[in-house]
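Coordinate inspection notes
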Amino acid sequence: MDVSIIGSGYVGTTIAACLADLGHDVLNVEIDEDIVATINAGEAPIHESGLEERIAEHAGTNLRATTDYDEIRETDVTFLCLPTPQTDDGSLDLAPMRAGTESLGRTLAEKDGDHLVVVKSTVLPGTTEEVVGPILEEESGRRIGDGLEISMNPEFLRMSTAVEDFLEPDKVVLGASSEGAAATLRELYAPILEREETDLVETDVREAELIKYANNAFLASKVSLVNELGNVAKEYGADAYEVLDAVGLDDRISDRFMRSGLGWGGSCFPKDVNALRAGAREQGYDPDLLDAVVSVNDEQPRRLVALLAEHVPFEGARVAVLGLSFKPGTDDVRKSRALDVIEHLRERGAEVVAYDPVAVENVRPDYPEIEYADSADEALAGADGAVVATDWPEFDDLAFDGMERRVLVDGRRIDVDRDALEVYEGLTW
Ligand SMILES: NC(=O)c1ccc[n+]([C@@H]2O[C@H](COP(=O)([O-])OP(=O)(O)OC[C@H]3O[C@@H](n4cnc5c(N)ncnc54)[C@H](O)[C@@H]3O)[C@@H](O)[C@H]2O)c1
Ligand SMILES: O=c1ccn([C@@H]2O[C@H](COP(=O)(O)OP(=O)(O)O[C@H]3O[C@H](CO)[C@@H](O)[C@H](O)[C@H]3O)[C@@H](O)[C@H]2O)c(=O)[nH]1
């Protein structure tokens, strides 16, 4: 199938390379010329396992990138993988979606044949049918249902395992506006849907939109609940990991997403939980539980820094922050809890030296005044204390000989040699 993908960020690039791998002819349409040049050179514009080799294999044959929307007319299906950020008040900012949809509509005005538009971006219920659809009709002069179709197909991939998650998902959710649109998407995803482990959910557009938010709200809430239980465990002098490992044996609960500590960050949970809270309020419902989910999460970095302060007087102290990305395996630092930790440490007068295996260059522009180390050893050298903000596997082998005082507060339960430390404190154990 000839597929175009508008927006070539984390999602657009990943699904382009994966759909090319499944044998489709794929066109990435992106406003950023550097990203276009990178993909056409056979390279990956982002750090994701398994992506580079797929782009290298397909670029120039059945994968291509362009800034020219008009090339979309040569394709049958267009996925919108545009950003849906949050505004200052936490609500959903649809400006990039509107802009991309306008450009798509204008180009489809010149196409006579059938075309299916699929919203892949995370959007609140009603957006596909009440915002994207009308813009497409207005700009193309065509009518939905009359050769032009629209669908919603949310994406559940995680960063750092994006390729694997896309190709081997637990579920594919199709919110199609017509049986024809559903049939096209089933054909497109056929090799994935043939997997026994992948469930197909066919539903209406509005439900598809909400499934994505409900999924993320559930997972973020689970981590906040685990963190609240972890904070209580710490007060009792109990080990939250032993407690929750046992709780996770109940298959109604499951042992996944049970790691307590510094909380959730990234480009999805924070903005999606906030968009859902703002959307619910707009509909007249106060989502008290989701409000609490966010406030528990916001407190964890402060709690970590307070715990370190019990052992290290901060004024003039040198504190190593180990890990900057929002989770291991990615260089993404959007809403990383590590950044909140750095801010709390600096507010309290500590000098920060930070280390991350891949994410330093994404932090440096916003925090030029802190020191960056080239290795964990270098960050720990001469430090009066250290905190673990991201559970990179290499931190399991930390050595503390070079520290001024061997004090470590662990926000992620790494597998460190606790006996090598004067003070080891876990945030929730
Ligand atoms: N990142 C994830 O793990 C993930 C997972 C599932 C769903 N999502 C959702 O998918 C959507 C995209 O997320 P992302 O992380 O890929 O975003 P991103 O910011 O990484 O990428 C978006 C891309 O769109 C490009 N773009 C912006 N306006 C454009 C336009 N008018 N025309 C063409 N290109 C344009 C940008 O230059 C950028 O490269 C969001 O709604 C997000 O919530 C993200
Ligand atoms: O037990 C856990 C699990 C996760 N986290 C934290 O939660 C955040 C999010 O982690 P994860 O879900 O693995 O990463 P994302 O790439 O943000 O993926 C989420 O957000 C994506 C974008 O919407 C969805 O597609 C995915 O299904 C959803 O898992 C990170 O800061 C993790 O450190 C914990 O603190 N404890």
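A few points on the structure. Treat the numbers as computed from the prediction; the structure is a model and nothing was measured.

The buried fraction of strand S6 (residues 148–152) is high, at 5 of 5 residues. Residue alternation in S6 divides its side chains into two sets, Leu148, Ile150 and Met152 and Glu149 and Ser151, and both sets are buried. Sheet analysis places strand S5 (residues 115–119) next to S6, joined by 5 bridges and oriented parallel. Of the residues in S6, the one forming a bridge with valine 118 is serine 151. In this view, the connection linking S5 to its parallel neighbour S6 by way of helix H5 (residues 127–140) has right-handed handedness. Examined bridge by bridge, S6 and strand S7 (residues 171–176) share 2 bridges and lie antiparallel to one another. Looking at the pairing, methionine 152 lines up with glycine 175 of S7.

On to the packing of helix H9 (residues 205–236) against helix H11 (residues 269–282). The axes of two packed helices give the description: the angle between them and the distance between them. It is at 9 Å that the axes of H9 and H11 come closest, and there the two elements cross at 115 degrees. Taken together, the axes of H9 and H11 lie roughly perpendicular to each other. Like other packed secondary-structure pairs, H9 and H11 cross with a definite hand, here left-handed. Side by side, H9 and H11 meet where Leu210, Lys212, Tyr213, Asn216, Ala217, Leu219 and Ala220 of the first sit next to Phe269, Asp272, Val273, Ala275 and Leu276 of the second. Residue classes in the contact of H9 with H11 are distributed as 9 nonpolar, 1 polar and 2 charged.

If you check which residues of helix H2 (residues 33–40) are buried, you get Ile35, Val36 and Ile39. All buried residues of H2 lie within an arc of 100 degrees about the axis, which places them on one face of the element. In H2, the exposed residues that point more than 90 degrees away from the buried face are Glu33 and Asp34. On its buried side, H2 packs onto helix H1 (10–21), strand S2 (25–29), helix H3 (51–58) and strand S3 (63–66). Backbone nitrogen of aspartate 34 and a side-chain oxygen of the N-cap are separated by 2.9 Å at the start of H2; the cap is aspartate 32.

So, about the site of ligand 1. Not every one of the 26 residues close to ligand 1 is listed here, only the nearest: Val11, Glu30, Tyr69, Thr84 and Lys271. Measuring from an oxygen atom of ligand 1, one finds a backbone N or O atom of tyrosine 10 at 3.1 Å. Interatomic distance of 2.6 Å between a side-chain N/O atom of glutamate 30 and an oxygen atom of ligand 1. Taking 840 Å² as the accessible area of ligand 1 by itself, protein coverage stands at 88%. Class assignment of the residues belonging to the shell around ligand 1 gives a composition of 13 nonpolar, 8 polar and 5 charged. Both domains that meet at the shell around ligand 1, namely domain 1 (2–203) and domain 2 (237–429), each give it at least three residues.

The rules behind these values
- Residues numbered from 1 in each chain as written.
- Chains lettered and ligands numbered in written order.
- Predicted model: local features only at pLDDT ≥ 70, side-chain atom pairs only at ≥ 80, totals over all residues.
- Heavy atoms only, no water.
- Buried < 20%, exposed > 50% of the residue type's maximum accessible area, 1.4 Å probe, protein only.
- Helix = DSSP H or I, 4+ residues; strand = E, 2+ residues; numbered from the N terminus.
- Pairing = 2+ DSSP bridges.
- Right-handed = clockwise from strand over helix to strand, strands pointing away.
- Axes fitted to C-alpha atoms, helices over the stretch in contact; angles between N-to-C directions.
- Parallel < 35°, antiparallel > 145°, perpendicular 65-115°, else oblique.
- Left-handed = near helix turned anticlockwise from the far one by under 90°.
- Contact = heavy atoms within 4.5 Å.
- Nonpolar A, V, L, I, M, F, W, Y, C, P; charged D, E, K, R; others polar.
- Arc of directions from axis to C-beta.
- Polar contact = N/O pair within 3.5 Å; in protein donor to acceptor, adjacent residues only side chain to side chain.
- Near = heavy atom within 4 Å.
- Areas by Shrake-Rupley, 256 points an atom, 1.4 Å probe, with all protein chains shown as cover.
- Domains from an automatic or database assignment.

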